[in-house]
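Commentary on secondary and tertiary structure
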Amino acid sequence: MSAAISRVPAQPRSTHRTPRSGPPDRVTVAVYAADPVLRVGVVQQLRSRPEVDLLDDADAERAHASLVIVDGVDDDVVALLHRLRHNTATRTGLVVGTLEPGALQRVIECGVAAVLRRAEADQDRLLHLVLAIANGEGVLPGDLLGKLLAHVGSLQRSALDPRALSLSTLTPREADMLRLVSEGLDTAEIARKTAYSERTVKNVLHGITTRLQLRNRAHAVGYALRNGLI
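In the annotation of an unreviewed UniProt entry, the entry for the chain reads Response regulator transcription factor, and the organism field reads Streptomyces glaucosporus.

Structure follows, in structure tokens:
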């Protein structure tokens, strides 16, 4: 990731502000993007709006709203979102090109309060996103909201199904390995990617299929994808 997106310290200090009864007169905004062209585009859209005060890198930690502009959600983006979540002074919005299956859940777990597709990110929608974040609201496109509600429903149903695959029955390591299987990696490649031994990889994947009474790795991946977990 470029300097623009990695400018958040690895362990930012937590800052606190007095709760507001409504949005501030001017919302302070920090913009993060790996691609400088994307960053400039969003900055240009917001700079002319009197409701917004765009912050320089040095003052980014005191922003009311942090906007992360990306093509898709990968491990670097997730790491950035986790770091931003530690700063209690800011709430985070994501402007994203494409959300892969399971990515919505990942970004919500990282504390993202609002999501906007880049194709829809004109000046008015960006401003609405920023003001909603500053006012403690959440924003999701209608189709993503539908997927989120369906996922919540599946988690509720899983409480009645001892075989159900849910967040509580998959460890982060298991989810990561299933995600790599879904990308077509074999045991040796997963071992190299995760820095575990091949034996550990086999044991982890065998443990998933055995515990959830699934036939094989492909069955486990399909079940996880249907439940939106990877």
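As for its placement among the helices and strands, R49 is situated in the loop between α1 (36-47) and β2 (52-54). Other than its neighbours up to four places away in sequence, R49 contacts Q123, D124 and L127.

In this model helix α8 (residues 198-211) runs 20 Å from its N-terminal to its C-terminal C-alpha over 14 residues, within 8% of the 20 Å that 1.5 Å per residue would give. Those residues of α8 lying buried are V201, V204, L205, I208 and T209. The buried residues of α8 all sit within an arc of 130 degrees when viewed along its axis, so they share a single face. Among the exposed residues of α8, those oriented more than 90 degrees off its buried face are R199 and H206. Buried positions along α8 lie against α6 (172-182), α7 (187-194) and α9 (217-226). Q213, located one to two residues past α8, shows a positive phi value of around 55 degrees.

So, on to the nonpolar core. In summary, soluble globular proteins display a tendency toward joint burial of nonpolar side chains. Counting 24 residues, the largest nonpolar core has V29, L67, I69, L129 and V130 as its most contacted members. Only β1 (27-33), α1, β3 (65-70), β5 (112-117) and α4 (123-134) provide two or more residues apiece to this core. Not counting the four nearest positions on each side in its chain, V130 is found in contact with V27, V29, L46, V52, A65 and L67. By size, the runner-up hydrophobic cluster in this structure holds 22 residues, among which are A60, V68, V77 and L104.

What follows concerns the pattern of salt bridges. Taken as a whole and judged by the stated rule, the model has eight salt bridges. Note that D57 and R39 form a salt bridge whose closest N and O atoms lie 3.7 Å from each other. Residue D57 is located in the loop between β2 and β3, and its partner R39 is located in helix α1; the two are separated by 18 residues in the primary sequence. Relative accessible area serves as the criterion here: at 45%, D57 is assigned to the partly exposed category. Under the relative-accessibility criterion, R39 is labelled partly exposed at 21%. Note that E51 and R49 form a salt bridge whose closest N and O atoms lie 3.6 Å from each other. A single salt-bridge network, built from bridges that share partners, covers R49, E51 and D124.

The next point concerns helix α2 (residues 75-85). Here α2 has its buried residues at V77, V78, L80, L81 and L84. Down the axis of α2, the buried side of the element spans an arc of 160 degrees, and every buried residue falls inside it. Where α2 is buried, its residues meet β1, β3, β4 (91-96), α3 (103-109) and β5. Its side-chain oxygen placed 3.2 Å from the backbone nitrogen of D76, D74 serves as the N-cap of α2.

About the criteria used
- Residues numbered from 1 in each chain as written.
- Predicted model: local features only at pLDDT ≥ 70, side-chain atom pairs only at ≥ 80, totals over all residues.
- Heavy atoms only, no water.
- Helix = DSSP H or I, 4+ residues; strand = E, 2+ residues; numbered from the N terminus.
- Contact = heavy atoms within 4.5 Å.
- Expected span 1.5 Å × (residues − 1).
- Buried < 20%, exposed > 50% of the residue type's maximum accessible area, 1.4 Å probe, protein only.
- Arc of directions from axis to C-beta.
- Core = buried A, V, L, I, M, F, W, Y, C linked by side-chain atoms within 4.5 Å.
- Salt bridge = Lys/Arg side-chain N within 4 Å of Asp/Glu carboxyl O.
- Polar contact = N/O pair within 3.5 Å; in protein donor to acceptor, adjacent residues only side chain to side chain.

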